[in-house]
Amino acid sequence: MKNLLYLLKNYRYRNLNFRLLLWVYGLTILGINVIHSASSEVDYSGKQIIGLVLGTIVLIICTLIDYKFVLKFYWVIYAVNLLFLLAVPLFGEIHMGAKRWINVGIQIQPSELTKIFLILFMAKLLMKFKDKINKIPYLLMIILLYCFPVAFILEQPDLSTSIVIMLLFCSIMFIGGLQYKIIGVILAMAIPASAVLLYLVLQPNQKILEPYQYNRIIGFYDKDNEEAARINYQQQNSIMAIGSGGLMGKGLNNENVESVKNGDYLAEPQTDFIFTIVGEELGFVGGVIVIILLALITFECFWTGAHAPDIGGKIICCGFGSLIALQSFVNIAVVTMLIPNTGLTLPFVSYGLSSLISMYIGIGFVMNVSLQKVKLL
């Protein structure tokens, strides 16, 4: 207790990144208003406010507890993560054909927490092996440890989250100091392997993807495939809704009969397709504001990471910033039909307690690093 009090007294509170908090809360409050407009029949916005309160509590806790102390328990973090993921096939609840949630009084989605747990785990692991990550045996060990929980997520099935987590791994390893020549070798192997995999996936009788995943990809370019088109109708409606919003949008909570949202042409728009509601009801201006806020949050995470006192703090901040950037890009690319439908939430904006709370945990650790930042030479 004395050590904790000493630590709290010696934090440099003037270094606290209040700009980051301003962007995060501004975006969350905007998200709550959009969720309220998107879900007139069910009070999802009220549940999101509860998520905001719970998220604020964990943010404060994570801000005040030294991340270096937390990282000492990196194997415990890894084990807890695996236990959550193992609970999904054993006790999980099915929603829209996928078993991804468990009920612990409230519904939580362990794969959302996995993103944060793996960032913390990798921060300590790469601190421990920072001089050895470019040696093949250690690199293979790190890859195996990282991919093991991802396999559980892939089995749920949750391909989109698995892809984002693997892209996050690439970012973390680059930040952790992986040599360019190793990156080059990996790319030289990965690009042709990906091309072969894509070719196999696109075959009509393929067994790699689930049928709905296959149809999402096929429907993206084959408009004559009726089953695929049925699955991808939401993307078509999404770009129509965003285009109809114009410069300033139709206004939140509007009753416009020509609204795509009011016509129930979007299934559960408060989650993955929340940016569609932003585009239709707040227009181009609202969409730009959301993108700018996400970019500012990402920048603040990387800026804090650049001033971190050690490689662990750097990986936490830059890893979390990469997660926000990757997930935001994929979500917005889906709703604007730049890539096939994947089913990812928009950070801080989409409805979802697990998503929101995990994001606030990440922000809490970034804030903690900011309390201990050092000046760059």
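Our subject is the structure that appears above.
A. Representation of unusual backbone geometry in the model. The phi dihedral of Met337 falls on the positive side, at around 60 degrees, and the residue is not glycine. As for its position among the elements, Met337 is in the loop between helix 14 (311-335) and helix 15 (353-371). One non-glycine residue, Phe348, adopts positive backbone phi at about 70 degrees. Summarising the element assignment, Phe348 is placed in the loop between helix 14 and helix 15.

B. Local environment of the packing of aromatic side chains. If you walk through the whole model with that rule in mind, you get 13 aromatic pairs. Measuring from ring centre to ring centre gives 5.6 Å for Tyr25 and Tyr360, while their planes differ by 75 degrees; the resulting arrangement is edge-to-face. Of this pair, Tyr25 sits in helix 2 (residues 18-38) while Tyr360 sits in helix 15, and the two are 335 residues apart along the sequence. Assessed through its relative accessible area of 0%, Tyr360 is described here as buried. Three or more aromatic residues link up through ring pairs in this structure, and these residues are Tyr74, Trp75, Tyr78 and Phe121.

C. Region of the structure containing the nonpolar core. Formed by 92 residues in total, the largest nonpolar core has its most connected members in Met122, Ile297, Phe320, Phe348 and Ile363. For Phe348, the residues in contact, after removing those within four places along its chain, are Val24, Leu27, Thr28, Gly31, Ile297, Ile324, Leu356, Met359, Tyr360 and Ile363.

D. Examining the packing of helix 6 (residues 110-128) against helix 15 more closely. The interhelical angle for the contact between helix 6 and helix 15, taken along N-to-C directions, is 20 degrees, at an axis separation of 8 Å. Classified by the angle their axes make, helix 6 and helix 15 are roughly parallel. In terms of crossing hand, the pair formed by helix 6 and helix 15 is left-handed. Along the contact surface, helix 6 presents Glu112, Leu113, Ile116 and Leu120, while helix 15 presents Ser354, Ser355, Ser358, Ile361, Gly362 and Phe365. Split by residue class, the contact of helix 6 with helix 15 holds five nonpolar, four polar and one charged.

E. Summary view of the pattern of salt bridges. All told, the structure shown has three salt bridges when counted by the stated rule. Where Glu300 meets Arg19, a salt bridge forms, and the shortest distance between an N and an O atom there is 2.9 Å. Of this pair, Glu300 sits in helix 13 (residues 274-306) while Arg19 sits in helix 2; the two residues are 281 residues apart in sequence, bridging distant segments of the chain. A residue is classified by how much of its surface remains accessible, and Arg19, at 40% relative accessible area, is partly exposed. Of the charged contacts, one joins Lys250 and Glu280 as a salt bridge, the two residues approaching to 3.2 Å between their closest N and O atoms. Taken together, the residues span a long stretch of sequence, with Lys250 in the loop between helix 12 (233-244) and helix 13 and Glu280 in helix 13 at a distance of 30 residues. Given the relative accessible area of 25%, Lys250 is considered partly exposed.

Definitions and limits used
Counting from 1, residues in each chain are numbered in the order their sequence is written. Residue-level local features of this predicted model are given only where pLDDT is at least 70; pairs of side-chain atoms are given and counted only at 80 or more, and the full residue set underlies all totals for whole chains, interfaces and linings. The basis for every side-chain value is the complete set of heavy atoms in the structure, and neither hydrogens nor water enter the calculation. In this text, helices come from DSSP runs of H or I with a minimum length of four residues, and strands from runs of E with a minimum of two, each type numbered from the N-terminal end. Aromatic rings from Phe, Tyr and Trp, taking only the six-membered ring of Trp, are treated as a pair when their centres fall within 6.5 Å; an angle between ring planes under 30 degrees marks them as stacked, one over 60 as edge-to-face, and anything in between as tilted. Under the scheme applied here, a residue whose accessible area is under 20% of the maximum for its type counts as buried, over 50% as exposed, and between as partly exposed, the area being computed with a 1.4 Å probe on protein chains only. As used in this record, nonpolar core signifies buried Ala, Val, Leu, Ile, Met, Phe, Trp, Tyr and Cys residues forming a set joined through side-chain atoms within 4.5 Å. Whether two residues are in contact is decided by their heavy atoms, any of which lying within 4.5 Å being enough. Only the stretch in contact is used when a helix axis is fitted, and all axes are lines through C-alpha atoms; the angle between N-to-C directions ranges over 0 to 180 degrees. Under this scheme an angle from 65 to 115 degrees is roughly perpendicular, one under 35 degrees roughly parallel, and one over 145 degrees roughly antiparallel; angles in between are oblique. Each crossing is labelled by how the near helix is turned from the far one, with a counterclockwise turn of less than a right angle marking it left-handed and a clockwise turn marking it right-handed. Think of it as three bins: nonpolar holds Ala, Val, Leu, Ile, Met, Phe, Trp, Tyr, Cys and Pro, charged holds Asp, Glu, Lys and Arg, and polar takes everything else, Gly as well. The rule for a salt bridge is simple: a side-chain nitrogen of Lys or Arg has to be within 4 Å of a carboxyl oxygen of Asp or Glu.

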